[in-house]
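Read off the chains here:
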Amino acid sequence: MTTEENSILLVLPVPFRKNSDGTLLIEKQACNGIDRWADNFNKVVVACPIIDEKTFLSGNTTAEYIPATKLESFDRVKLVTLPHAYRIASYIRNYSRTRKLLSGLIVKNKYLSFAIGGLIGDWASLAAVEAIKQKRAYSVWTDRVEHQVVKNSYQDRHGLRRIYRFLKDRLLQSWLMAMAERYIISRADLGMFHGMDCFETYHNLCREPHLVHNIHLKETDRISSEELNKKIQRIMEGQALRIVYAGRVAGMKGPFDWIETMSQLQSMGVDFSAVWLGDGPLLEEARKQLKLKNLNGKVKFLGHQGQKDKLLKSIRESDIFVFCHKTPESPRCLIEAMLSGTPIMGYKSPYPEDLLKNISRNLLTDKNDIAALAKNICRINDNREELANAMAYCHQISEHYTDKAVFSHRSQLIKKYLETST
């Protein structure tokens, strides 16, 4: 059987859903990603696990889903549902049938790209194993060092569950996941690693590694020059510093380091207000910490922000984006902040260092050094001209981080290196 010309098979982890009347639903940002792939390929086949409503609701997620028919490229997209099998019994039960399904899809499509990131239930990794068996060229994509993320996931648990997750995830699953990543990435014809943290971890494993970025914002989502100038004028007038973070309230994001940073700023006499936008397992505990540290009123954890426009508006209206990330990952929120003309300040790692280029040494501090981060924020608050220059610089260097640009880049890499390998 010959492959279909200019078709791509994507195996992704973001689950599909079905509502009560049977309509297939896709996560909103995933919809945008599918459309951007369709800008570059004649046919896009997308295989994802499908989650039932009960499981979806029990996961306490705030992801926004829309009908698949809303896809701009709906007539050129084939959507394939896979079992949602993240428990070992379910994975084993569905293994043979799913591998056979993936095998047929691999045969029919010219280009193959697998978003790996897990172990049990990670069908993208299984698709890579099947591609190896068929001697087909494939690419892998990842946006975080998954085995390191799993290694630290126990931090979101308490009591006996914390001990259990420490033993299971940190000592066993993380090691197995690292072995699986090595096997799959080392045999890939193209590795696309989102952000420098991922790239530095994986590039030595891959014969053709490339640094890529992943963003779903459009050129129209960038702060305008007029808005940027108004923001710069405001901070040059000496008004109170506005601090923001947007992301899950989870251990890997360092919410308690972030709160302690705000507490130290208050002790230093910095005039500021701060908000954390996002939901997560540690949200209520974080709010309790604000009370204990007398930060109520000055610092707020606002929970889930459902509307993208409202979220971006909050970031655009802020002066700095402070983060305390604990694990190697490449979160889109840092790019979103830069597109908003809001300098990122936080813990040093290859990803933000690469994004900030020449000014990274001025805005980043050593990981877990809360005192150094607080002092650096205090310093830039006192030097408003430096802050204004950082705002303009971040906005300028982020001009290529739009959805069309980053998906075009990845598509060009796939066509170049997988065409060569076939």
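Refer to the structure printed above.
Residues numbered from 1 in each chain as written. Predicted model: local features only at pLDDT ≥ 70, side-chain atom pairs only at ≥ 80, totals over all residues. Heavy atoms only, no water.

Things to note about the packing of helix α8 (residues 225-236) against helix α16 (residues 384-397)
Axes are the key here: two packed helices are described by the angle between their axes and the distance separating the axes.
Working step 1: One way to put it is that α8 packs onto α16 with a least axis distance of 9 Å and a crossing angle of 165°. By the angle between their directions, the pair α8 and α16 is classed as roughly antiparallel. The handedness of the crossing between α8 and α16 is right-handed. Touching L228, K231, I232, I235 and M236 of α8 are R384, E385, L387, A388, M391, A392 and H395, all from α16.
Working step 2: Here the residues of the contact of α8 with α16 sort into 8 nonpolar, 1 polar and 3 charged. (Axes fitted to C-alpha atoms, helices over the stretch in contact; angles between N-to-C directions. Helix = DSSP H or I, 4+ residues; strand = E, 2+ residues; numbered from the N terminus. Parallel < 35°, antiparallel > 145°, perpendicular 65-115°, else oblique. Left-handed = near helix turned anticlockwise from the far one by under 90°. Contact = heavy atoms within 4.5 Å. Nonpolar A, V, L, I, M, F, W, Y, C, P; charged D, E, K, R; others polar.)

A look at the pairing of strand β9 (residues 190-194)
A regular strand places its side chains so that they alternate between the two faces of the sheet.
Working step 1: Extensive coverage of β9 is indicated by the burial of 5 of its 5 residues.
Working step 2: Burial of the side chains of β9 extends over both faces: L190, M192 and H194 are buried on one face and G191 and F193 on the other.
Working step 3: Across 4 bridges, the pairing between strand β8 (residues 139-142) and β9 is parallel. Residue pairing across strands places V140 opposite G191, the latter belonging to β9. (Buried < 20%, exposed > 50% of the residue type's maximum accessible area, 1.4 Å probe, protein only. Pairing = 2+ DSSP bridges.)

Quick look at the environment of L292
Working step 1: Among the secondary structure elements, L292 is positioned in helix α10 (residues 283-292).
Working step 2: Residues L292 and N214, 78 residues apart in the sequence, show an inter-C-alpha distance of 38 Å.

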